[in-house]
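# Tertiary structure, described
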Amino acid sequence: MSVSPLTISRSGLTDFLACQRRFQLRYLRRLPWPQEPHPSETKERLSLGDRFHQLVERHYLGLPILAEDLDTAEEKLRRWWDAFLRHQPVGRGQAAQLLPEATVTVPVGNHDLIGRFDLLVLTHEGELHLYDWKTGKPRSVAALQQDWQTRLYLALAAKSGTALGLPNLRPEQVRLTYWYAQEPTASRVIRYDTAVHETAWAEISQLVAQIDAMLPEPVWPLTSDLTHCAACLYRAYCGRTETPKIISDILEEREFWDDAPWQAEPLEEELV
C-alpha cells in the first residue's frame, strides 16, 4: 500500500528513535490519543508557553502588544515577558532581516524534513542565526548539543542558504541560541562547523532512509526499553497500560504540538 511522502519534524525523529511503533501510530496511522493527553497543570504550562511565544512573535513583527494581552496574563507570563524585554538577545535594528516563526523544509530522499524556528536572523555579515525561546527548565549546552532539535535545526539551516538568499552559506556561519526565560542573561549558544554538519546530515539521511524502507511493513516493532512506554500516550494501543504515567516532562515545549495527530488531516491511505 502506497504512502504519501512524509514531512518529518524533530518530534518525528525523536519518536522513531524511541519506538518505531509510536512513529507508525502517530505519523502514519494518525491515531488519536486514547486518553486525556495531559493533566491540568501541564495544560496550563503549555498554554502559558504558547502565549509567550505569541508575544515574542508580535514583538519581532513590529505589531503592538495590547494592554489586555498582559492585563489578563498570569504572573509567570508577565515575569517571562518582562525578562525578555530587559534581556532580549537581538533587537529589531541589529540584523539585516528578522523572520519570526520561520519554517524551513528540505527534501531528503522521498520525504521532507521540516523545522520551525522561533526566530531566524540574517545578519549584515551574511550569517544565519537561529533563536529558540524556552520557558521550561534550563538545560546545559552539552545536553542541548545532543538534542535532536539542535542537530536537525542546525543541519536544516546550513542546507537552506540558497533559499534564504545566502547561496555561499557555510556551516561555520550558522549558530543556534537557546534563550531561557528563567535565566535570561545566560543564553546557550550552539556553534556549528562543516565536520559536525557532514556527520549530522549523514545520520539524518540514514534515519529517513530507514523510515522509508519500513513503510511497506504492516506492523512496526515495539521498543524494548519500557522507560519510553512510561511517557507514551499511545501505550494503550500496544497493551502496555500498566506502566506508570510520566507525562509532564515530555510536554514542556510547544514543538511537541506542531505536528500533533489530532491537528493533522488523515492520510488518504493508511497502513493496516
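Residues numbered from 1 in each chain as written. Predicted model: local features only at pLDDT ≥ 70, side-chain atom pairs only at ≥ 80, totals over all residues. Heavy atoms only, no water.

## Digging into the confidence of the model for the protein
- Averaged over all residues, the pLDDT of the protein equals 84, while 82% of them reach at least 70.
- The low-confidence segment residues 243-272 (pLDDT under 50) makes 88 contacts with residues lying over four places distant or belonging to another chain. (pLDDT = per-residue confidence, 0-100. Contact = heavy atoms within 4.5 Å.)

## Some thoughts on the packing of aromatic side chains
- Applying the stated criterion across every chain yields a total of 16 aromatic pairs.
- Here W133 and W179 contribute two aromatic rings whose centre-to-centre distance is 6.2 Å and whose plane-to-plane angle is 80°, an arrangement assigned as edge-to-face. Of the two residues, W133 sits in strand β4 (residues 128-134) while W179 sits in strand β5 (residues 174-180), which places them 46 residues apart along the sequence. As far as burial versus exposure is concerned, W133 and W179 are alike and both buried. (Phe/Tyr/Trp six-rings, centres within 6.5 Å; stacked < 30°, edge-to-face > 60°. Helix = DSSP H or I, 4+ residues; strand = E, 2+ residues; numbered from the N terminus. Buried < 20%, exposed > 50% of the residue type's maximum accessible area, 1.4 Å probe, protein only.)

## Side note on the nonpolar core
- Formed by 44 residues in total, the largest nonpolar core has its most connected members in L113, L120, L128 and L130.
- Looking at this core, the elements that each hand over two or more residues are α1 (10-18), α2 (20-28), β2 (97-108), β3 (111-122), β4, α7 (148-159), β5 and α8 (194-214).
- Counting 20 residues, the second largest nonpolar core, distinct from the first, contains F52, L77, V90 and W133. (Core = buried A, V, L, I, M, F, W, Y, C linked by side-chain atoms within 4.5 Å.)

## Things to note about the pattern of salt bridges
- Scanning the model with the defined rule gives 10 salt bridges in all.
- The closest approach of N and O atoms between K134 and D132, which form a salt bridge, is 3.1 Å. With respect to burial, K134 and D132 carry one shared label: buried.
- Between R139 and D147 there is a salt bridge, with the nearest N and O atoms lying 2.8 Å from each other.
- Judged by relative accessible area, R139 falls into the partly exposed class, the value being 34%.
- On the basis of relative accessibility, which here comes to 15%, the residue D147 falls in the buried class.
- Within this structure, D15, R22 and R26 form a network of salt bridges that share partners. (Salt bridge = Lys/Arg side-chain N within 4 Å of Asp/Glu carboxyl O.)

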